[in-house]
Every structure is written in structure tokens, then in C-alpha cells.
Number of protein chains: 2
Amino acid sequence: MPQANTPRVRIQDVAALSGLSICTVSRALRQLPNVSEHARGRARDAAAKLGYKASSAASRLAGGSTGSVAIIAPTATAWFFARAVEAAEEVFADGGYDTVLISLRNRSGVQPKLFGDLAGLAQRVDGVLLLNIALGETEMAALAESGLAVASVGMHGVPWDNVGIDNAEAARAAATHLLELGHRDLAILAGSETGAPTVVTASERRRGFELALADHGLTVDPDRVIDAGSSIEGGRLAMVKLIESGRMPSAVFAGCDETAFGALMALRESGLSAPENVSIIGIDDHQMSWFLGLTTMAQPVADQGAFAATLLIDRLHRSGLPNPPFAGPPSNHLLETKLVERNSTRGR
Amino acid sequence: MPQANTPRVRIQDVAALSGLSICTVSRALRQLPNVSEHARGRARDAAAKLGYKASSAASRLAGGSTGSVAIIAPTATAWFFARAVEAAEEVFADGGYDTVLISLRNRSGVQPKLFGDLAGLAQRVDGVLLLNIALGETEMAALAESGLAVASVGMHGVPWDNVGIDNAEAARAAATHLLELGHRDLAILAGSETGAPTVVTASERRRGFELALADHGLTVDPDRVIDAGSSIEGGRLAMVKLIESGRMPSAVFAGCDETAFGALMALRESGLSAPENVSIIGIDDHQMSWFLGLTTMAQPVADQGAFAATLLIDRLHRSGLPNPPFAGPPSNHLLETKLVERNSTRGR
DNA sequence: AGGTCGATTGTAAACGCTTACAAATTTGGC
DNA sequence: GCCAAATTTGTAAGCGTTTACAATCGACCT
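Everything numeric here is computed off the predicted structure, so don't read it as measured data.

Caption draft 1: Fine view of the overall build of chain A. Along its length, chain A carries 14 helices and 12 strands. Projecting the C-alpha coordinates of chain A onto the three principal axes gives extents of approximately 85 × 40 × 40 Å. Looking at chain A alone, contacts between residues at least 24 apart form 73% of all its contacts between residues at least 6 apart.

Structure, rendered in C-alpha cells:
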């Protein structure tokens, strides 16, 4: 392989220029304690003048950090994940970290394989950001053993920093909006449950729906709970089922915007529409929701990704400290959701 | 930082178990020539038994490969890029490479900075996959100097492997579809030009449009060429302009599906619709196009990403060979586009 | 047989950094 | 001013590979 022709600037060059020893330069540049301000300044200046950046390979090999983190997502194409990934990548980049993208691509097999060789991953990255990953017991253990710093988005009851929204509350607010509009016959296009206790988005949203009904003295009719996954097609099929039942609900709460899109499509295919024949509300505020006039509970996706990334970096920075693991108990942050009224809902 | 508790399996362990020298094991495992089949077998067996995988850090430091590649994209959230990235990531993962995601996030500043320190990147990855990146002279030179293997999607006249579609041809086919439907007054919602000669998507599509008209003895009316960028909002604004001009064209060719979405939205806002008041065709076959019933020229996005990734890996594999750079002249592959008729177009 | 050449294998020196540990320097209490 | 303790700095030994280069081993010619 052809090599770059600029010979590498080594730490030794910085040491020479600054008149310090290699060791002192190394410590100074990594903000370690026990370095005089004077030395630190000289080292920094010399490094800057030479455009020095530590070789991540050498650094890693010698026991330092790799300067990169991995983002593990179920898929990279879905709207939610694409946005979260990009926001996190930006934070990582600004923090000087490379972002290794690992998409599970909804293919069975890649997650087990990945967690089966976590030690290998741990060797290449300093930490991982998990996006809505359903983890089994073994996997949690593997993660703990790997020595990786971890943070996540949209996960539940995990022993590391997490950022998410209050799914139950968001669903409750959505359903309440429908209720306050005067609707009484509500259906829910529910997401499917994962089984793993770390990701409870779907069940929480369903619970919020129930809560809202209960607030209004209503109970959930099992016939009005339709499994729709979280895809457009799933939403469409679910709505078709509702239409064909001949007993159209007055309003529909879709577990996420994509499901709502599918429902909207099914409606149109039957010559119906929202809000004329039925009110529809979703959760997400997907990029296209505005376009389709979908009323929805907006959740700050980019913020979730960025925030979680920040938390991970913080951990990483504190990882030099003595008290493991990474100083401080895990935190869980719930970001605000907000009702965005458009014209897929109306009073009755 | 807490460390994994399994002590690393080193090449030395493999050497000991197989009764070979470290050096021979290293060569055997990397498929280098001048190793007897017998030795190769022993090395492989021992490595398998021990679950040995070379440390990428050590490997890199010693002059080997990093085992990772970077994908550089203008953004990771747009439909096209998200899909291409995921498809490429899959290929890379299957090939044993880590994928480092670098999004330019449409922020001025990050591209110059990135190319200003390509040497740094070159140290962390073996190759880069460029997605529709508009490159200046200096940047091309920096890339050549970096020693990185390169491949790209949707680029033009570049000295490395590229995969794309024939933009002029796709546009021509789209416009031709409109013409064959009997439309004569055509407008184009054109993408904006980048200025850099490496990305010519917009201008090629515009040229294709002109070609189609010419085929039918028509010429392009400058008033019917509206700059719309490639965003939904841009498409909407462009269509508004057309509507407000009071002189509605008979059919509209949108430079990409997202532009078409915006146009559709503008129509709806004015109480108009396609194909009743005007026929609309796009290029892409965006995930939502089916939903919106948009007729469009479908392009294989995932295939482009995957194919380009494959080409990059091939180069990487051949990079051990003597004749630089990476054996063989650059190739350019144009993938097929296909008309997908839905109901945003009709005859007149 | 002796010598040569090619293929295979081994030895040992990088690669650029981190980090025990030792050395040098400063600080501060009397 | 002097000594112990605390702080700052330097020395040198790895980290796990790759790769010149040297060594070994047969095979093949003459």
C-alpha cells in the first residue's frame, strides 16, 4: 500500500521541541495530574506547532484509549435511528472521537455474534452507545465484563447512563388529546413487544394509553388493541383490519408516526380520510408528519442521541479516575415530548 | 478503566501451539505467499482453537492494516445516504471491517478540516468510501497523497472506482414518460449545482431533461426551470412559484423525490392535486413515494452503497500487490434505473 | 558430488505510545 | 538552613504486530 509521504510527527518530536521528556509530554497532553502548568503549556504549544496528534494505534497498544466509540443500532435507515446516529456522531466528532457504526440490520445472528466477541470490540473502541437494543442477560453480563463504557438511548433499567422519553406519559398525553376532543371509542395501533426487559417502548406506550382511558373512566376494549409493529406496512394492515371490522373507532392512537402513515394510507385506499372519518394521532414527529398533516407527540430525537453521546464522553473522560466503574452511579434522563397539533385530529 | 479479564490471545500463543515461528504464523494467517500449505494449515488450526484474532492496534502500528474503513457522507439522515450507508456497512462488516461514519452534516468547515488532516484519518482507516462528496482540487490531491484506498458513490470523473446511475438517462426517461403521456408544457424542479466537478447529479439530470425535450422537437423554456435544491421545502417553494405564476405547466419533473414531495404539498395547500391539475414525476423511489403514489424513476440505492463497498474491499485486498496504486485502473459502474408508474402522472 | 537458486522459515528490530519506577526538584515545617 | 515529604520529571520496559534480513532446506544443474 502506498504510504503518505509526510513522515509522522511523533511524540518524540514534540518532546524535542519543547525540551521535555517524552513521558512528560504524554502526560501533559492527556491532562494527567502531576504536571506543572509550565510544562503543560510548553507541551501544548509544541504539539500545536507541529500539528501533533497521538497515533491511536500506538496509544491503544500501550494501554491508552482508542479514541473511538461504537454506536450500535437496530438499523441505520429508520428515521429515528438515522437522526440519533447523526446527532451522536456530531458530538463524538467534536469530542475528538471516531464513530464506528454497527447496524444490527434486524438480522438475527449479528447481535449474538457481536456480543459473543465483545472483547474484540472492546479492543477497538473505548465505549459503546446503544440505541434501543434489546439485551439478554448474557449480553448484559458480557457488556459488564468487556470493560467498555456504555450509554444508551431509549433503554430501561440498565446500569449505565440512559436518555429517553417517558413513553407512558407521551402515550397518555396523546390519548388524552383524543379524549379531550370528545372521542370515546379509541383504538390503539400498538407496537410489538420485544421480550427483553431493556426495551419497553411498546408496552409503556400501551400502558400510557390505558392510563389515559382510565383517567376518563374508560377501559380498554381488547378488540381495539391491534398489533401493528412499528412499520408503515404494519400500520396499514392494522388499519385495514379496523376498517374491515365494520366497526370504525372514533379515533386512533398509533404507537409511532410510521404506523400512523400506514393507517392514513389504508384510509385513503378505502376512500376514507382523517380527520373526516376518524382522528389519528402518532408519536415521533417524523420528518414527513408535517407534510402529511399528522397530529403527533413530538419527541426530540437528535437531542436524545446528542445527550447520550455527551454522557458517554463524560464517562470516558472520568475513566482515568480511581473509583470504578467510571465514577458515579448511572443516570437516567427523560426528555420532554410535546403535542404538535396538525389536522389529522378534530373534535366530534 | 476496568479491563476485560480474559487475557489476550497473542500471536505468540498461536506460534507456540502450532510449533511455528511468530513470523510464519503472521504470514500464514494473512494469506501471504511463501508459506507452505502445511504450515498454513497448522497456523490456521491453532488460531481457530485459540480463538485468536490479531490486535488491530498492534497490527496497525507495525504497518499492517487497521481493519476499518470510513464512509464520508454529506449527511447521514437523508433517505439516500442512510440507505447507502447501511448497505455499505453490511458489506464492510461481512468483510471483517469496522465502519467509521463521518458525516459532513452540511456544515461548512467540517469538510475542509477533514481533508486538512487526511493523514490523520489515513492512520486510523485503510480506505474511504465517498458518497456524493463535492471535492476541490486540493482535496483530490490530499486524497491521492494520503495513501488511502478510495471508492465512491455518485461521483464523476474520479481516479478511483465509482458506482452510480446514469443521471442524464434517468432524467431523460422521466421526462420522456411525461412527453409520451402527451404533455408538452414541462417544468423542471432542478437541483442546485455544486460547482465541484466531482458531483454533477443536478446538472446531468437537467441535461437529460433537455435531451428528452429535444427528442420531441421541444426546447426548454427558461421560465420552466426552477431551482429547488433537493429538499422537501425547496420543492414546495418551487411549486408555489409555479402556481403563483398563474401559468401552470402541464407536467413537472422533480429532480428528486423529496423535491416532488414538496411540490405535492404545495399543490395540496392550494387545493390542487396531482395528477388532476398537473402530472408529477420524480427520481429516487423514496420510501415514502409509494405511500404518496408518486410516479418516479427508481434507483437502486442500497445496491450502489453495497457495490461501492465491495469494490473498495477488493482494492484493499489487492493492496498487498506490487504495482500501485492498488492494481488496475479505476472502474465506473452505472446501475439501472427503472420507471415506477404510480398515480401522480396521467395522460392529457 | 559440488554449487546455485528458489522456496520456506526464523531472528530481531522497529512501530509510537503508556506507565512503573527511579531520579531530581521543590515545598514546608522546625 | 536542614531534612522529610510531596511534587515534578526522566528512564526504560513493554504493548502485539509486521517485516527486513539472515538462515535453512531441498531441488536441480553441471
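Caption draft 2: Structural context of the packing of helix 2 (residues 22-29) of chain A against helix 3 (residues 37-50) of chain A. Residues and elements named next belong to chain A. Contact geometry for helix 2 and helix 3: axes closest at 9 Å, N-to-C directions at 90 degrees. In terms of their interaxial angle, helix 2 and helix 3 are classed as roughly perpendicular. Residue-level inspection shows T24, V25, A28 and L29 of helix 2 in contact with helix 3, the latter providing A39, R40, A43, R44 and A47. Of the residues that constitute the contact of helix 2 with helix 3, the class distribution is six nonpolar, one polar and two charged.

Caption draft 3: Structural context of the domain arrangement of chain A. By the assigned domains, chain A splits into domain 1 (11-54), domain 2 (68-163 + 302-331) and domain 3 (165-300). Between the C-alpha centres of domain 1 of chain A and domain 2 of chain A the distance comes to 31 Å.

Caption draft 4: Quick peek at the pairing of strand 5 (residues 161-165) of chain B. Residue and element names in this part refer to chain B. Most of strand 5 is tucked away: five of the five residues are buried. The two faces of strand 5 match: D161, V163 and I165 on one face and N162 and G164 on the other face are all buried. The sheet contact formed by strand 4 (residues 149-153) and strand 5 spans three bridges and is parallel. Within strand 5, the position partnered with S152 by the bridge is N162. Examined bridge by bridge, strand 5 and strand 11 (residues 332-335) share four bridges and lie parallel to one another. Pairing of I165 across the sheet is with L335, part of strand 11.

Cut-offs and rules
Residues numbered from 1 in each chain as written. Chains lettered and ligands numbered in written order. Predicted model: local features only at pLDDT ≥ 70, side-chain atom pairs only at ≥ 80, totals over all residues. Helix = DSSP H or I, 4+ residues; strand = E, 2+ residues; numbered from the N terminus. Contact = placed C-beta atoms within 7 Å. Axes fitted to C-alpha atoms, helices over the stretch in contact; angles between N-to-C directions. Parallel < 35°, antiparallel > 145°, perpendicular 65-115°, else oblique. Nonpolar A, V, L, I, M, F, W, Y, C, P; charged D, E, K, R; others polar. Domains from an automatic or database assignment. Buried ≥ 20, exposed ≤ 12 C-beta atoms within 10 Å, placed from the backbone. Pairing = 2+ DSSP bridges.

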